[in-house]
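Okay, here's what each chain looks like letter by letter:
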Amino acid sequence: MTKAYSYACRDCEGMEACPASVTAETKDEVWKLMGHHARIAHGENPSDWDQETRDYLDNLIREVDV
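Residues numbered from 1 in each chain as written. Predicted model: local features only at pLDDT ≥ 70, side-chain atom pairs only at ≥ 80, totals over all residues. Heavy atoms only, no water.

Colleague: Residues and numbers for the state of the cysteines, please.
Modeller: A complete count under the given rule lists zero disulfides for this structure. In this structure C9 is a free cysteine whose sulfur lies 3.7 Å from that of C18, the closest cysteine sulfur available. With no disulfide partner, C12 has as its closest neighbouring cysteine sulfur the one in C9, 6.0 Å distant. (Disulfide = S-S within 2.5 Å.)

Colleague: Break down the pairing of strand 2 (residues 21-24) for me, with residues and values.
Modeller: Here strand 2 shows a buried face lined by V22 and A24 and an unburied face lined by S21 and T23. Where strand 1 (residues 3-8) and strand 2 come together, four bridges link them in antiparallel fashion. Paired with A8 across the two strands is S21, which belongs to strand 2. (Buried < 20%, exposed > 50% of the residue type's maximum accessible area, 1.4 Å probe, protein only. Helix = DSSP H or I, 4+ residues; strand = E, 2+ residues; numbered from the N terminus. Pairing = 2+ DSSP bridges.)

Colleague: Could you give me a rundown of the environment of Y7, with the residues and numbers involved?
Modeller: Turning to its location among the elements, Y7 is positioned in strand 1. Here the alpha-carbon distance between Y7 and T53, two residues 46 residues apart in the chain, equals 15 Å.

Colleague: Could you give me a rundown of the side chain of S6, with the residues and numbers involved?
Modeller: Looking at the secondary structure, you find S6 in strand 1. You can call S6 buried: its relative accessible area is 18%. Within polar-contact distance, the side chain of S6 engages the backbone oxygen of V22 at 3.2 Å. The contacts of S6, once residues within four sequence positions are left out, are V22, T23, V30, L60, I61, R62 and V64. (Polar contact = N/O pair within 3.5 Å; in protein donor to acceptor, adjacent residues only side chain to side chain. Contact = heavy atoms within 4.5 Å.)

Colleague: Explain the pattern of salt bridges residue by residue, including any values.
Modeller: Should the charged atoms of two oppositely charged side chains come close, the side chains can pair. Using the criterion set out here, one finds four salt bridges in the structure. Across the pair D65 and K3 runs a salt bridge, and its minimum N-O distance is 2.9 Å. One end of the pair, D65, is in strand 3 (residues 62-65); the other, K3, is in strand 1, and 62 residues separate them in sequence. One salt bridge in this structure joins K32 and D28, with 3.4 Å as the shortest N-O distance. Of this pair, K32 and D28 both sit in helix 1 (residues 27-42), separated by four residues, roughly a single helical turn. A relative accessible area of 46% means that D28 is categorised as partly exposed. In this structure, a network of salt bridges that share partners links the residues K3, E63 and D65. (Salt bridge = Lys/Arg side-chain N within 4 Å of Asp/Glu carboxyl O.)

In structure tokens form, the structure reads like this:
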């Protein structure tokens, strides 16, 4: 099996109703996809995320088998 990384928006506090999730080969790819999703679906600017938010989100990224 190959390892990949996954993020589900519903795992983020306050986003439980959001069905979006992403899976990619690297954490860097997941971060980029999370940023696109945050802009498009939630009207957020990821560059405004402080370090505490980034650390929280990083803990929500899971290693998965694909």
